[in-house]
Amino acid sequence: MRSGRSLAGMSLSRPVPWVSPVLYGAVLAAGVYAWLAGFGDTRPALFAGGLAALAGLDLLEARRHPEGTPRRQAAVLLGARIALFAAVAAADGSGLSRALFVLVPFTAYFAFGRTAAVALAVACALSLAVAGAVADPRWYANPEQVSDLLMFSVGLVLAVAMAAVAVEERRARTELAASAARVAELSAAAERNRVARDIHDDLGHHLTAVVVLLEKAAAFRELDAATADRAIADAHGSARRALGDVRRSVRTLREEGGGSFNLADALAELVEGQADDGVAVALELAGDERGHDPAALRAVYRAAQEGITNARRHARATRVTVAATLGAAGAELVVSDDGRGFAPEREGYGLLGMRERVHLAGGRVDIGAAPGGGTRLTVTIPRRTAP
């Protein structure tokens, strides 16, 4: 539904396009039969011309206002239809043409809303009752006329109910389309955030290692050439690992799944990559990761990666301990260092991305001072069955 246009502005012919033609056809068949059989006083020219004018009016409205008829034009068209309904009913000897008046509240529902439709339905029923009383003051004692009035009233109720259902169906489709667009927007935003976290966690970690190793090489270039050469070689290794992570990230984006993930191997490789850079990293791993949610295991790995990166980049630590426990209750990671401590006001994008990732896995992150100085990062993720 376009902005600035409500459902009340939609015309009759689009929401339920088959109603009018079906009713016109039924009235035409009954009128022709009554004329051929000699029932009543049928004036075929006026009768057929009125029905043709009604069909042409519907077609013209659909072409002129394909997106919905404005209220003012809808009021004019409704008045024209009522006049044509009266002309056709007057020319029809069968009397069935009075059924055309059920289209009055039906049309009004789409153009003006429920209140106007109900009011017009009541007016149509009263008009028929008044017309019957004028023709026969004791019409209420005539079972045939009473039955006609009751059937007409039922038709009015059904017409209003059908219009209400059509309006609600259109509103539901509109809301569903809006919800789908919102979901797509949120999904795209979530994917952008995920890619941003992956870039920060992977490249940020490896580039930090490269910077530290190159600084070490520069510092030892004159004092210990072998140590400097080894630092440069380690920097090359970190750069190659960064390139491999980029390729894996691109492959993951192209594929629906991220492949199998083994937390123990990933943590061991992570810790092994910290060797000979001036920071001693120890790994403590307990428990069995089988049956744990892969998303939770990846979140634990990313948290360990971020904890080590922060210890090296910001805390100026010399020792880091990574302890991961995988139990029946869930996964827990503790990264502690002997650095200069954690300042909450310095929390940057890396920790924010880690909190988001852990939260998506159903866990929580706690950061504070470690016993004896330094920083202690704790990640707790309750166990969920792996898909």
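Rules of the game
Residues numbered from 1 in each chain as written. Predicted model: local features only at pLDDT ≥ 70, side-chain atom pairs only at ≥ 80, totals over all residues. Heavy atoms only, no water. Phe/Tyr/Trp six-rings, centres within 6.5 Å; stacked < 30°, edge-to-face > 60°. Helix = DSSP H or I, 4+ residues; strand = E, 2+ residues; numbered from the N terminus. Buried < 20%, exposed > 50% of the residue type's maximum accessible area, 1.4 Å probe, protein only. Axes fitted to C-alpha atoms, helices over the stretch in contact; angles between N-to-C directions. Parallel < 35°, antiparallel > 145°, perpendicular 65-115°, else oblique. Left-handed = near helix turned anticlockwise from the far one by under 90°. Contact = heavy atoms within 4.5 Å. Nonpolar A, V, L, I, M, F, W, Y, C, P; charged D, E, K, R; others polar. Patch = residues over 30% accessible without salt bridge, like charges linked within 9 Å, V, L, I, M, F, W, Y side chains within 5 Å. Areas by Shrake-Rupley, 256 points an atom, 1.4 Å probe, with all protein chains shown as cover. Salt bridge = Lys/Arg side-chain N within 4 Å of Asp/Glu carboxyl O. UniProt positions renumbered as here; feature names shortened; annotations may be inferred.

Colleague: What's the story with the packing of aromatic side chains in this structure? I'm lost.
Modeller: The description of two aromatic rings rests on the distance between their centres and on the angle between their planes. The full count for this structure, using the stated rule, is two aromatic pairs. The interplanar angle of 70° and the centroid separation of 5.8 Å between the aromatic rings of F85 and F101 together place this pair among those described as edge-to-face. You can see F85 sitting in helix α3 (residues 71-91) and its partner F101 sitting in the loop between α3 and α4 (103-112), a full 16 residues away along the chain. F101 shares its class with F85; the two are buried. For the ring pair F106 and F110, a centre distance of 5.3 Å and an interplane angle of 80° mean the geometry is edge-to-face. Of the two residues, F106 and F110 are both situated in helix α4; the distance of four residues between them amounts to about one turn of the helix. Take F106: its relative accessible area is 1%, and that puts it in the buried class. Look at F110 and you get buried, because its relative accessible area is 2%.

Colleague: What is the right way to look at the packing of α4 against helix α5 (residues 114-135) in this model?
Modeller: When two helices pack together, their arrangement is captured by the angle between the axes and the distance separating the axes. For the pair α4 and α5, interaxial distance at closest approach is 7 Å and the crossing angle is 160°. When the axes of α4 and α5 are compared, the pair comes out roughly antiparallel. Between α4 and α5 lies a crossing of right-handed hand. Of the residues in α5, those touching α4 at V104, P105, A108, Y109 and F112 are R114, A116, A117, L120, A121 and C124. Partitioned by chemical class, the residues of the contact of α4 with α5 number 10 nonpolar, no polar and one charged.

Colleague: I tried to follow α4 on my own but got confused; where do I start?
Modeller: Three or four residues apart is the spacing at which side chains of an α-helix point the same way, because the helix has 3.6 residues per turn. Extensive coverage of α4 is indicated by the burial of nine of its 10 residues. All buried positions along α4 are accounted for by L103, V104, P105, F106, T107, A108, Y109, F110 and A111. One or two positions beyond α4, positive phi appears at G113, with a value near 105°.

Colleague: Would you mind showing me how to read a nonpolar patch on the surface here?
Modeller: Together, L28, V32, W35 and L36 make up an exposed nonpolar region whose accessible area comes to about 400 Å². Note that V32 resides in helix α1 (residues 19-37). Relative accessible area serves as the criterion here: at 34%, V32 is assigned to the partly exposed category.

Colleague: Would you explain the UniProt feature "transmembrane region" (unreviewed entry) in the protein in this entry?
Modeller: Per the UniProt record, "transmembrane region" (unreviewed entry) is annotated on residues 21-39, 45-62, 111-134 and 146-167. End C-alpha atoms of residues 111-134 are separated by 32 Å, and the span's content is 96% helix alongside 0% strand. Overall, residues 146-167 shows 100% helix and 0% strand. The separation of its end C-alpha atoms is 32 Å.

Colleague: Can you walk me through the packing of α3 against α4 in this structure?
Modeller: At a minimum axis separation of 10 Å, α3 and α4 run at an interaxial angle of 175°. Judged by the inter-axis angle, α3 sits roughly antiparallel to α4. Within the contact between the two elements, α3 uses R71, A74, A75, L78, R81, I82 and F85 and α4 uses L103, V104, T107, A108, A111 and F112. A per-class count over the contact of α3 with α4 returns 10 nonpolar, one polar and two charged.

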